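Residues per chain, in single letters:
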Amino acid sequence: MQQRTFNRFEKKYLITDEQKNAILKTIESNLLYDQNIVDKKPYQIYNLYYDTEDYEFIRYSLSKPQYKDKVRLRSYHYPLEDQDLVFLEIKKKFEGRVNKRRIVLTYSEFKKFLMHEVEPAQDDYLNQQVFQEIDYLLKKSTLKPKAYIAYERLALHNVDDSLRVTFDQNIRYRKDDITFDQDQATPILDDQTLWIMEIKCNQNFPMWLTKLLSQNQIYAQSFSKYGKAYQKFITGETYEHITIPHT
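This section reports on the structure supplied with the text. Note that the coordinates shown come from a computational prediction; the quantities given were computed from them, not determined experimentally.

1. Remarks on the overall build of the chain
A tally of helices and strands in the chain yields six helices and 10 strands. For 247 residues, the compact-globule estimate of 2.2 N^0.38 gives 18 Å, and the chain sits close to it at 18 Å. Projected onto its principal axes, the C-alpha positions of the chain cover 55 × 40 × 35 Å. Expressed as a percentage of the 247 residues in the chain, the buried residues total 49%. Taking as baseline every contact in the chain between residues at least 6 positions apart, the subset at least 24 positions apart corresponds to 69%. When the accessible area of the chain is evaluated, it comes to approximately 12,800 Å², of which 49% is carbon and sulfur surface.

2. Concerning helix α5 (residues 207-215)
Every buried residue of α5 is listed here: L209, L212 and L213. The buried residues of α5 all sit within an arc of 95° when viewed along its axis, so they share a single face. Of the exposed residues in α5, those oriented more than 90 degrees away from the buried face are M207, K211, S214 and Q215. Buried residues along α5 sit against β1 (5-15), α1 (17-30), β8 (163-174) and β10 (195-201). Count one or two residues on from α5 and you reach Q217, which has phi positive near 50°.

3. Quick notes on unusual backbone geometry
A cis geometry characterises the amide bond from Y78 onward to P79, with omega recorded as -5°. Mapped onto the elements, P79 comes out in the loop between β4 (67-75) and β5 (85-94). Residue Y55 is not a glycine yet carries a positive backbone phi of 60°. Overall, Y55 belongs to the buried group, its relative accessible area being 12%. One non-glycine residue with positive phi stands out, namely K64, at about 65°. On the basis of relative accessible area, K64 is assigned to the partly exposed category, the value being 42%.

4. Topic: the pairing of β10
Counting buried positions over the seven residues of β10 gives seven, a clear majority of the element. Of the two faces of β10, both are covered, the one formed by W195, M197, I199 and C201 as well as the one formed by I196, E198 and K200. As judged from the seven bridges shared by β1 and β10, these two strands associate in the antiparallel manner. Across the sheet, residue L14 finds its bridge partner in β10, namely I196. Of the pairings in the sheet, the one linking β8 to β10 comprises six bridges and is antiparallel in character. Looking across to β10, one finds that F167 is bridged to M197.

Parameters at a glance
- Each chain carries its own residue numbering, running from 1 in the written order of its sequence.
- Confidence filtering applies because this is a predicted model: local features only for residues at pLDDT of at least 70, side-chain atom pairs given and counted only at 80 or more, and all residues used for totals across whole chains, interfaces and linings.
- Heavy atoms throughout the structure, all of them, feed into the side-chain values; hydrogens and water do not.
- Helix and strand assignments follow DSSP, with helices taken as H or I runs no shorter than four residues and strands as E runs no shorter than two, numbered in order from the N terminus.
- With C-alpha atoms as the basis for the radius of gyration, the globule rule is written as 2.2 Å multiplied by the number of residues raised to the power 0.38.
- The buried label applies to any residue whose accessible area, calculated with a 1.4 Å probe on protein chains only, is under 20% of its type's maximum; exposed applies above 50%, and partly exposed to all values in between.
- Every residue pair with non-hydrogen atoms within 4.5 Å of one another is taken to be in contact.
- In these tables, accessible area is a Shrake-Rupley quantity obtained with a 1.4 Å probe, and a residue counts as shielded only by the protein chains included in the view.
- Each C-beta atom gives one direction from the helix axis, and the arc is the one those directions make.
- For two strands to be treated as a pair, DSSP must find at least two bridges joining them.

Quick look at the structure:
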């Protein structure tokens, strides 16, 4: 059964290939590879981010509020067939803790909902509540797809998924034709050898992981894929939170 509710702390790190390779062996010895990983190779993730016409959600998010939320549609397939699963998600962040809830739909169900407002059938009360919350936010704020963001991901986790470490690379963005019908997009990072590492945990990091980060001079910093894309491609601003890691 797909996990549909997540509540955890998240920390992000911008790291080099050398740093990633230096820490990966230790992480592999403590965690398991995600079920989407085959032969230790990254898998693809495709996202449509929803926003208002004038990008109100991402502009508010970049102002560093205590509370923020976002809505996105995620797929692990390309090209998509009608029977493939997609994940409609609402993600809320308050004082560093992230609550993510998702409903699982076929691509056909999603298109019927998007184009004809046919409400998808949900298999339990919680899913119905999540759908109604997302549907309300979509309609209240007149949200529509405003950014296509895709990337390659390596993901590892512990047995109960209370600790998860992901490495994202080849992060790319498109602001036109915001659909899953094509995968042509522009790289977000100028240096394509860099990785975005994210650590997601229910409580404190285990000691072995804290020590590993310190030994390799890896420090948390703010980074938003959608935020970086918005500032770089929509406003032309620099992304002042990025610190190039030590090599």
